[in-house]
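Listed below, chain by chain, are the residues.
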Amino acid sequence: MKKKIVIGLWISLVALIIAFGFIVVEQNKKEAARLAEEAKIEARQEHLRVEQEEEEEAKEKELAEEGKAEEYTFTEMETTFYAVSKAIVRENPYDAAEVIGTLSTDQIVSVVAQCNETDYYKMKINGDYGYISPDDVSEEYIDIPMPGISGVPSATKDILFIGNSITLYPATADWWGSGWGCGATAPENDYVHQTVAAKGYSSYDYMSLRSWEFSNTRNYELDDLDKYISKYQYGTIVIELGENVKGHENHFKEDLTDMIKYIRGYNPNARIVMLDNFWKYDSIIKTKKAVASEMGCTYVSLADIQGVSDYMLNEGDQYTAPDGTVYTIGSFLAGHPNDAGFAAIAQRLIAAL
């Protein structure tokens, strides 16, 4: 009997121990869940605290910037400088201010004021204002060296035409052509092909150097000529450039002179012919004539056809292409030579050659 009692007690004890273990495990799980939830709450609170601090810091910085901007005073001035390589334009007149853009070498900087506290220049840029360090501008145009010349080619060709869209323009949605003088109804009607046909040239090239006209650093564009002048010695080289220089006349005379020097480095015996502007820009024409005279080039005048409506495409006019497509002359095409204009240019060039 005693033995049964002892066994019963042991069984009860084990049951109690097991029950106690389950209770402890459940309590531990609840405690762990509670601690995890508290950790999440603390993490959320910490995240909110950090966000709030960042917002406050941003507001303080903004207020500081505004206050700093209000502290600056300026002396009005009106002058122009030239940007040095990768000149930095900032939002405010001090070194740590946010960068809002960079300028290319020799880009014109139109200054309206100078900061009395930092010496930064206030400049016009894209219809707004920016600030540029005095270290990033030059009073003098920065001379851009010509590319190196590797030697004089031995192979020969009759003539090379160097020009803009009047000499060569690629296929675009703006017009009906593809790779000849912009505005001509067909390649044989542009001035290049009429000149070649009339003179009986058996070998010729024509290329666009239109980007040179717009560039602040034109000498960097000269190596685009290499695929022609470094491979062939041309009897004649015609330069038809200048129509797109309007608004980009800075250093034009020096750059045009450098172009002729560069051409002669490869083609020392070529006759260089400078074709007058089709569009009458007096200052550009005057410069071209001066360079042609100084460099011993033949100058072909177009004075009698410049600005004459009968020789150019007029906005609103229509042209029906051979495939039946009707093109209305828009602002881009307007002003370019029509077939009569190309014929007139060719006649004057042929007479000079």
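Residues numbered from 1 in each chain as written. Predicted model: local features only at pLDDT ≥ 70, side-chain atom pairs only at ≥ 80, totals over all residues. Heavy atoms only, no water.

Enquirer: Looking at this model, I keep getting lost on the overall build of the protein. Mind explaining?
Expert: When you go through the protein residue by residue, the secondary structure sums to 7 helices and 14 strands. Relative to its 353 residues, the protein shows a buried fraction of 39%. Of the roughly 19500 Å² of accessible surface on the protein, a fraction of 52% belongs to carbon and sulfur atoms. (Helix = DSSP H or I, 4+ residues; strand = E, 2+ residues; numbered from the N terminus. Buried < 20%, exposed > 50% of the residue type's maximum accessible area, 1.4 Å probe, protein only. Areas by Shrake-Rupley, 256 points an atom, 1.4 Å probe, with all protein chains shown as cover.)

Enquirer: Whenever I open this one, the sheet that holds strand 12 (residues 298–300) confuses me. Can you help?
Expert: Strand-to-strand pairing in sheets goes through backbone hydrogen bonds, with the strands running parallel or antiparallel. Sheet architecture is open: 5 strands sit in the order 9-8-10-11-12, paired in parallel fashion. Lying at the two open borders of the sheet, with one neighbouring strand each, are strand 9 (204–208) and strand 12. Taking each pair of neighbouring strands and ignoring which way they run, the sheet shows an average axis angle of 20 degrees. Pairing of strand 10 (residues 233–240) with strand 11 (residues 271–275), which is carried by 4 bridges, proceeds in the parallel orientation. Each bridged residue has a counterpart across the sheet, and for isoleucine 239 the counterpart in strand 11 is methionine 274. (Pairing = 2+ DSSP bridges. Axes fitted to C-alpha atoms, helices over the stretch in contact; angles between N-to-C directions.)

Enquirer: I would appreciate a short explanation of the sheet that holds strand 2 (residues 87–90) in the present structure.
Expert: Spatially, 7 strands are ordered 3-2-6-5-4-1-7 in an open sheet, and the strand pairing comes out antiparallel. Across the chains shown, the open sheet's two edge strands, defined by having one partner strand only, are strand 3 (99–103) and strand 7 (137–138). Examined bridge by bridge, strand 4 (residues 108–115) and strand 5 (residues 121–125) share 4 bridges and lie antiparallel to one another. Note that in strand 5 the partner of alanine 113 across the bridge is lysine 122.

Enquirer: Can you help me understand the packing of helix 2 (residues 191–199) against helix 7 (residues 339–352) in this one?
Expert: When two helices pack together, their arrangement is given by the angle between the helix axes and by the axis-to-axis distance. For the pair helix 2 and helix 7, interaxial distance at closest approach is 8 Å and the crossing angle is 40 degrees. In this view, helix 2 runs oblique relative to helix 7, as classed from their interaxial angle. Seen from above, helix 2 lies across helix 7 with right-handed handedness. For the pair helix 2 and helix 7, contact is made by Tyr191, Gln194, Thr195, Ala198 and Lys199 and by Phe342, Ala343, Ile345, Ala346, Leu349 and Ile350, respectively. Residues of the contact of helix 2 with helix 7, tallied by class, amount to 8 nonpolar, 2 polar and 1 charged. (Parallel < 35°, antiparallel > 145°, perpendicular 65-115°, else oblique. Left-handed = near helix turned anticlockwise from the far one by under 90°. Contact = heavy atoms within 4.5 Å. Nonpolar A, V, L, I, M, F, W, Y, C, P; charged D, E, K, R; others polar.)

Enquirer: Would you explain the side chain of aspartate 276 in this entry?
Expert: Along the chain, aspartate 276 falls in the loop between strand 11 and helix 6 (282–295). This buried residue, aspartate 276, is left without a salt bridge; lysine 288 holds the nearest opposite charge, at 5.1 Å. Engagement of the side chain of aspartate 276 in a polar contact is seen with the backbone nitrogen of leucine 302, the distance being 2.9 Å. Not counting residues within four places of it along the chain, the set of residues in contact with aspartate 276 comprises Glu243, Ile285, Lys288, Tyr299, Val300, Ser301, Leu302, Ala303 and Gln306. (Lys, Arg positive; Asp, Glu negative; His and termini not counted. Salt bridge = Lys/Arg side-chain N within 4 Å of Asp/Glu carboxyl O. Polar contact = N/O pair within 3.5 Å; in protein donor to acceptor, adjacent residues only side chain to side chain.)

As far as function goes, none of this settles anything; it's purely spatial.
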